[in-house]
Amino acid sequence: METKQNHIGIIGLGVMGLNLAQNISNQNFRVAGFEKDPALIEAARSIATNIDIFDDIIAFIASIEKPKKILLMITAGEPVDEVINYLQEYLLSGDVIIDGGNSHYKDSLTRQQQLLNLGIHYIGLGISGGANGARYGPAIMAGGSVNCYKTIEPILRKVAARTDNKEICASHLGESAAVGHFVKMIHNGIEYADMQIISETYDFLSKGMGYSELETAKVFKQWSSSELSSFLIDISVSVLEYLDKDTKQPLVSLILDRAEQKGTGRLAAIAALELGVAAPSISESVSARILSSKKQERVSSSKIYKKPEAKHPYLDIVDMKKALLTAKISAYAQGFDILSAANKEFDWDMNLADIAKNWRAGCIIRARFLDEVAEAFITEAKLANLIMAPHFSSILKDSIPSLRRVVKWGITRGIPSPVLSASLSYFETYTSPNLPANLIQGQRDYFGSHGFERIDKPGFHTSDWNQ
Ligand code: 6PG
C-alpha cells in the first residue's frame with residue numbers, strides 16, 4: 001500500500017518544534033519532522049510516535065505532499081538563512097516556507113522578496129505561548145501572501161488557542177511576511193513591561209510592606225479574578241506559592257535576581273525608537289533586566305549608598321492594585337502606538353482590534369483586559385492613543401492618583417520602580433498641554449542655530465542669543 005505523503009513538514013524538533021508537531025498531528029494532520037541533532041531525534045522518536053521523523057532532509061522533503069509546506073522552528077538569524085538556502089535547491093514554485101521562530105521582521109521582509117523570485121512563498125509566523133502553548137494552543141500571528149496563508153490556514157486554525165467563546169487566535173495580519181514577526185516582537189515588548197510591573201509590585205509588597213511570598217501570592221490571587229486577570233498574574237501566583245522541595249522555602253526566594261533575555265523585548269524598544277514612538281515602559285523593562293544582570297556591582301554599590309529608612313511601611317493595597325492596572329494600560333498604549341506607527345511607516349494595514357483579539361488566548365500576555373483593548377479600536381479604528389479611549393480614560397481618571405501615590409511611596413524608600421515610574425511619566429507627559437521643550441528648542445538654537453517655532457507668530461525663527 002502506497003504511504004500517504006505528509007500534509008506539512010517541521011524543521012527543528014526542539015521544545016517548540018516538537019510540541020507544535022504533536023499538536024498538529026493530534027488534529028489528524030500527517031506531520032513530517034526533521035532534526036539534525038541526534039539527541040533531539042532520539043527524544044522526538046520516543047515521545048512523538050505519530051510523527052514521521054527524519055534525519056535525512058532529502059527524504060524529509062520528499063515525504064511532504066505538493067505544494068510543499070515546511071515550517072521552520074529554529075533559532076532566528078543565520079540558521080534560518082542557512083536552512084532556506086538549502087531548501088530552495090529542492091523546493092518548486094508554489095511551495096511554502098513558514099518561519100515560526102522569533103525572526104527579526106526586517107529579515108522576514110528580505111526573505112519573502114528573495115524567495116518570491118523563485119516562486120516560493122514565505123510566511124512570517126509569530127507564535128506565542130511557550131511550550132505549553134505550542135502543544136495545546138498558541139496564539140498565531142501571520143504575515144505573507146493571503147492566498148498562500150489560506151493553504152496553511154486549516155492547519156493553523158485547528159492548532160491555535162481559542163478564547164472562552166471559542167474564537168480562534170490565529171490571524172492573517174498583513175501581506176508582508178514582516179508583519180507576523182513584527183506583531184510578535186511587540187507582543188514580547190509588552191510582555192517584558194507587563195512582567196516588570198508585576199515584579200515591581202511584588203517588590204513593593206515584600207520589601208516595602210514586609211509581605212512574604214505566600215502573602216503576595218494571596219494578594220495576586222485575589223486580583224486574578226478582577227480586571228487584572230491575566231496569564232502573567234496567574235503564573236506569578238504559582239511561582240510565588242511554589243515551595244522548594246529541599247528547603248520548604250518559596251523557591252522564588254532562592255532564585256538569583258538576575259533576569260535573562262533572549263532579546264525580543266529589546267528589539268521592540270529599538271523598533272519603537274526607529275519609528276519615533278515613545279515606549280518608555282518597554283525600554284525601561286529592558287534596562288531593568290540589564291541592571292538586574294549587574295548583581296556584583298549592585299551588591300558593591302549598596303555598601304556605599306544606603307536606602308532611606310522608611311517612616312511608616314503602610315501602602316494602601318487598593319492603591320497598589322490600581323497602580324498596577326494603570327501602568328499596564330500605559331504599557332499597552334505604548335505597544336499599540338508602535339503598531340500604529342508601523343502601519344504608517346511601512347504602509348501596512350494591520351487591524352489593531354484584530355491584533356488585540358488575537359492576544360486574548362494562547363499567548364503570554366493573554367488577559368481579560370484585551371477584550372476592552374479590542375473594543376476600543378473597534379469603536380475608533382484611528383484612535384490616537386489607547387488612553388484616549390473613553391473606557392480607559394474613565395479608569396485612568398480614577399486610578400492615576402493611586403499610581404502617583406505608589407511611585408512616590410517607593411521613591412521615598414529607594415525601592416526601584418523603573419516601569420511603574422516610566423508608565424506614570426508617559427501618562428503625565430502625554431496629558432500635559434505645556435512641556436519645558438521650549439527651553440530645549442532655545443538651547444538647540446543657541447548652540448546649533450537649529451531654529452524654533454513661536455507661539456505668538458507663524459513661521460520658523462532663530463535668535464543670536466549672544467546680545
Ligand atoms: C512567547 C514568549 C517567547 C519568548 C521566550 C524567551 O510569546 O511564547 O514571548 O517567544 O521569546 O520565552 O523570552 P525572553 O526574551 O524573556 O528570553
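Just so it is clear, the model here is predicted, and its values are computed rather than measured. (Residues numbered from 1 in each chain as written. Predicted model: local features only at pLDDT ≥ 70, side-chain atom pairs only at ≥ 80, totals over all residues. Heavy atoms only, no water.)

Caption draft 1: Representation of the overall build of the chain. Per the secondary structure count, the chain includes 19 helices and 10 strands. Seen along its three principal axes, the alpha-carbon backbone of the chain occupies a region of about 85 × 65 × 45 Å. Classification of the 467 residues of the chain by burial places 50% in the buried group. Intrachain contacts of the chain at a sequence separation of at least 6 include 68% that bridge at least 24 residues. Summed over all atoms, the accessible surface of the chain reaches about 23,000 Å², with 54% contributed by carbon and sulfur. Distance between charge centroids for the chain: 5 Å, based on 49 positive and 53 negative side chains. (Helix = DSSP H or I, 4+ residues; strand = E, 2+ residues; numbered from the N terminus. Buried < 20%, exposed > 50% of the residue type's maximum accessible area, 1.4 Å probe, protein only. Contact = heavy atoms within 4.5 Å. Areas by Shrake-Rupley, 256 points an atom, 1.4 Å probe, with all protein chains shown as cover. Lys, Arg positive; Asp, Glu negative; His and termini not counted. Charge placed at Lys NZ, Arg CZ, Asp CG, Glu CD.)

Caption draft 2: Summary view of the site of the ligand. Around the ligand lies a shell of 15 residues, among which Ser128, Lys184, Glu191, Tyr192 and Lys262 are the nearest. Measuring from an oxygen atom of the ligand, one finds a backbone N or O atom of Gly130 at 3.0 Å. When the ligand is considered free in solution it has 420 Å² of accessible area, and contact with the protein chains removes 79% of it. Ranked by residues supplied to the shell around the ligand, first place goes to helix H8 (residues 177–208) with 5 residues. Looking at the shell around the ligand residue by residue, the class counts come to 2 nonpolar, 9 polar and 4 charged. (Near = heavy atom within 4 Å. Polar contact = N/O pair within 3.5 Å; in protein donor to acceptor, adjacent residues only side chain to side chain. Nonpolar A, V, L, I, M, F, W, Y, C, P; charged D, E, K, R; others polar.)

Caption draft 3: The domain arrangement of the chain, seen in detail. By the assigned domains, the chain splits into domain 1 (8–176), domain 2 (185–430) and domain 3 (434–467). When each unit is reduced to the centre of its C-alpha atoms, the spacing between domain 1 and domain 2 is 31 Å. Across the contact, 21 residues belong to domain 1 and 19 residues belong to domain 2. When the area that domain 1 buries against domain 2 is broken down by residue, the three leading residues are Tyr105, Ser128 and Leu173, summing to 35%. Connecting domain 1 to domain 2 are 2 salt bridges. Between Lys106 and Glu274 there is a salt bridge whose closest N-O contact spans 3.3 Å. Counting across the domain 1 and domain 2 interface gives 7 residue pairs in polar contact (both at pLDDT 80 or more). (Domains from an automatic or database assignment. Buried area = accessible area lost by both parts, 1.4 Å probe. Salt bridge = Lys/Arg side-chain N within 4 Å of Asp/Glu carboxyl O.)

Caption draft 4: Broad picture of unusual backbone geometry. Pro67 follows Lys66 through a cis peptide bond whose omega is -20°. Here Pro67 lies in the loop between helix H3 (57–62) and strand S4 (69–72). In this structure, Asn28 is a non-glycine residue whose phi angle is positive, near 70°. Of the residues examined, Asn28 reaches a relative accessible area of 69% and is grouped as exposed. Residue Asp347 is not a glycine yet carries a positive backbone phi of 55°. Tracing the backbone shows Asp347 in the loop between helix H14 (317–346) and helix H15 (352–358). A relative accessible area of 69% means that Asp347 is categorised as exposed.

Caption draft 5: Looking closely at the sheet that holds strand S7 (residues 139–143). With mixed pairing, 8 strands are arranged side by side in an open sheet as S3-S2-S1-S4-S5-S6-S7-S8. In this open sheet, the two strands that pair with only one neighbour each are strand S3 (52–54) and strand S8 (170–174). For this sheet the average axis-to-axis angle between neighbouring strands, irrespective of direction, equals 25°. Relative to strand S5 (residues 96–99), S4 runs parallel, the two being bridged by 4 bridges. Looking at S5, one finds that Leu72 is bridged to Asp99. Packed on one face of the sheet, helix H5 (residues 105–116) meets S5 and strand S6 (121–128) and runs near 150° to S6. (Pairing = 2+ DSSP bridges. Axes fitted to C-alpha atoms, helices over the stretch in contact; angles between N-to-C directions.)

Caption draft 6: Looking closely at the pairing of S7. The element S7 is extensively covered by neighbouring structure, given that 5 of its 5 residues are classed as buried. With 5 bridges connecting them, S6 and S7 associate as antiparallel partners. Across the sheet, residue Leu125 finds its bridge partner in S7, namely Ala142. The sheet contact formed by S7 and S8 spans 4 bridges and is parallel. Each bridged residue has a counterpart across the sheet, and for Ile140 the counterpart in S8 is Ala170. As for the winding sense of the linkage, the β-α-β connection from S7 through helix H7 (residues 146–159) to S8 is right-handed. (Right-handed = clockwise from strand over helix to strand, strands pointing away.)

Caption draft 7: Just the pattern of salt bridges, in detail. Evaluation of the coordinates by the stated rule reveals 14 salt bridges. The salt bridge involving Lys207 is made with Asp203; its shortest N-O contact spans 3.1 Å. Placement of the pair is Lys207 and Asp203 together in helix H8, with a separation of 4 residues, close to one helical turn. By relative accessible area, which is 17% here, Asp203 ends up buried.

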